[in-house]
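Results of the structural survey
Here are the chains, one letter per residue:
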Amino acid sequence: MQNKLKSALESTFVRMTTFFMRQRWKEILIFLFFLLLSFGFWFLQSLQDYYERRVELPLRYKDVPSEWILSENNPQKISIAIKDRGTTLLYYSSKATFTPVEISVAKLPRSSDSSLFVSSRMLESAVSKQLISSTSVVSIDPREVEVVFDSLCYRTVPVVANVKVNTRPGYKISDEITISQEKVRLYGNAGMLEKINEVKTAPVTLDDVSKKREITAQLDLPPGVKSEIETVKITIPVEEFTEKVMQIPVICPDVPSDYVLRIFPSTVKATCNIPFSRYKELTAESLEIKIPFSDFKDNQPTGKVLVELTAKPSWVTNAAISPNELEFIIEHK
């Protein structure tokens, strides 16, 4: 079967070769060859002539002031007619990609209270940056662009850091988390802004933190609301923590002159969890336990009063008081 198929193919190939080797077909093939060669020369020659071609370029509006919103009806593209040799136009068709024409809104002259003006010269200058020097711009449609905008209402609200920090064992946040800009001005319609009392950053989670971190976070803005800034820097102070134990006196600042107050014991032990770098900074004077005389009067039937710190630095955490309950006696003079 295979031998028969092979013989048939060889026979067909021989017959085709014999057919095209005849004198008549030789002349036809030679004629077609020179015809194609002539067409090639003509095509190359025609590419040296000048032609026009129309191209569409998208428009991109940038540097829009925060207090403005652009109309959706503003032109989104322009059509340009360019002229150059055929070879250059062929290059534009096959390889070149046109980028959007960028229009800096903040630099445009006003044509009215709610519109700006882009002249044909501005458009041609922006377009020419993407063209080869030999290419000329024949026309631009539209020749001029009017950029319509609306002014927005604004409201200033606080910025809240939406950050979750998981510290390494033995480390803690040592002070307040700070934001580079505590308040921000938002722009939008009045009804929407009335509902916004704060703006949070986009959620960020940090794991295994063992030192101070500074991160940049995006503002999480509601749809249709703009901001004068897009990001803020968040500083998270993280340090190694240790314990410090001190004796703190218990003070009653308002004992009447005709009374004597006796407290047992008169001092308590405070065990504080503090950043390692502030160990020497914390003293007994940094902490305070003040109990008003009224508390003693209210608890006179039991003769006992609860104790807690009434003043401490912000970086002191988990301050444990021992004992947390004192006995007392109130005597008349």
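Before reading on, note that the structure itself is shown above.
Just so we're clear, the structure is a prediction, and the values are computed from it rather than from any experiment.

1. Some points on the overall build of the protein chain
- The secondary structure content of the protein chain amounts to six helices and 25 strands.
- Expressed as a percentage of the 333 residues in the protein chain, the buried residues total 30%.
- A fraction of 74% describes how many contacts in the protein chain between residues 6 or more apart in sequence connect residues 24 or more apart.
- For the protein chain, the exposed area adds up to about 21800 Å²; of that, 52% sits on carbon and sulfur atoms.

2. Some thoughts on the layout of surface pockets
- By volume, the largest pocket is sized at about 310 Å³.
- Within the residue set of the lining of the largest pocket, elements represented by two or more residues are β4 (101-104) and α4 (120-128).
- Of the residues contributing to the lining of the largest pocket, the split by class is eight nonpolar, three polar and four charged.

3. Description of the packing of aromatic side chains
- Inspection of every chain in the model, using the stated rule, returns four aromatic pairs.
- Relative to Phe293, the ring of Tyr259 lies with its centre 5.5 Å away and its plane at 50°, an arrangement referred to as tilted. Placement of the pair is Tyr259 in strand β20 (residues 259-264) and Phe293 in helix α6 (residues 293-298), with a sequence separation of 34 residues.
- Exposure remark for Tyr259: the relative accessible area of 16% places this residue in the buried category.
- Owing to a relative accessible area of 7%, Phe293 belongs among the buried residues under this scheme.
- Each ring, one from Phe296 and one from Phe328, has its centre 5.0 Å from the other, and the planes form 80°; the classification is edge-to-face. Taken together, the residues span a long stretch of sequence, with Phe296 in helix α6 and Phe328 in strand β25 (residues 325-332) at a distance of 32 residues. With respect to burial, Phe296 and Phe328 carry one shared label: buried.
- Cation over ring: Arg185 sits above Tyr154, and NZ or CZ is 3.9 Å from the ring centre.
- For Lys244, the ring lying beneath its charged end belongs to Tyr279, and the centroid distance is 4.6 Å.

4. As for the sheet that holds strand β2 (residues 68-70)
- Spatially, the four strands line up as an open sheet ordered β2-β8-β6-β5, and their pairing is antiparallel. Each edge of the open sheet is held by one strand with a lone partner, namely β2 and β5 (110-112). Taking each pair of neighbouring strands and ignoring which way they run, the sheet shows an average axis angle of 40°.
- Both β5 and strand β6 (residues 115-118) contribute to a ladder of two bridges, which runs antiparallel. Among the inter-strand pairings, Arg110 is bridged to a residue of β6, identified as Leu116.

5. Digging into the environment of Ser136
- Here Ser136 is to be found in strand β7 (residues 136-141).
- Residue Ser136 is classed as partly exposed on the basis of its relative accessible area of 34%.
- Spatially, the C-alpha atom of Ser136 lies 6.7 Å from that of Asp84, the residues being 52 residues apart in sequence.
- What Ser136 contacts, discounting residues up to four positions off in sequence, is Ala81, Ile82 and Lys83.

6. A short note on the pairing of strand β19 (residues 238-251)
- Of the pairings in the sheet, the one linking strand β11 (residues 171-173) to β19 comprises three bridges and is antiparallel in character. Bridge assignment links Tyr171 to a residue of β19, and that residue is Glu240.
- Alignment of β19 against strand β21 (residues 267-275), held across nine bridges, turns out to be antiparallel. Across the sheet, Lys244 pairs through a bridge with Cys272, a residue of β21.
- Pairing between β19 and strand β22 (residues 289-290): two bridges, direction parallel. Paired with Ile251 across the strands is Lys290, a residue of β22.

7. So, unusual backbone geometry
- For the bond from Phe264 to Pro265, the omega torsion is -10°, close enough to zero to count as cis.
- Considering the arrangement of structural elements, one finds Pro265 in the loop between β20 and β21.
- For the peptide bond that leads from Ser322 to Pro323, omega is -5°, which places it in the cis range.
- Positionally, Pro323 belongs in the loop between β24 (317-322) and β25.
- A positive phi is found at Asp63, a non-glycine position, where the angle reads about 55°.

What counts as what
- Residues numbered from 1 in each chain as written.
- Predicted model: local features only at pLDDT ≥ 70, side-chain atom pairs only at ≥ 80, totals over all residues.
- Heavy atoms only, no water.
- Helix = DSSP H or I, 4+ residues; strand = E, 2+ residues; numbered from the N terminus.
- Buried < 20%, exposed > 50% of the residue type's maximum accessible area, 1.4 Å probe, protein only.
- Contact = heavy atoms within 4.5 Å.
- Areas by Shrake-Rupley, 256 points an atom, 1.4 Å probe, with all protein chains shown as cover.
- 1 Å grid on protein atoms, 1.4 Å probe; cavity = no way out; pocket = protein on both sides within 12 Å on 5 of 7 lines; lining within 4 Å.
- Points joined across faces, edges and corners; volume = space filled by probe spheres on them.
- Nonpolar A, V, L, I, M, F, W, Y, C, P; charged D, E, K, R; others polar.
- Phe/Tyr/Trp six-rings, centres within 6.5 Å; stacked < 30°, edge-to-face > 60°.
- Lys NZ or Arg CZ within 6 Å of the ring centre and 35° of its normal.
- Pairing = 2+ DSSP bridges.
- Axes fitted to C-alpha atoms, helices over the stretch in contact; angles between N-to-C directions.

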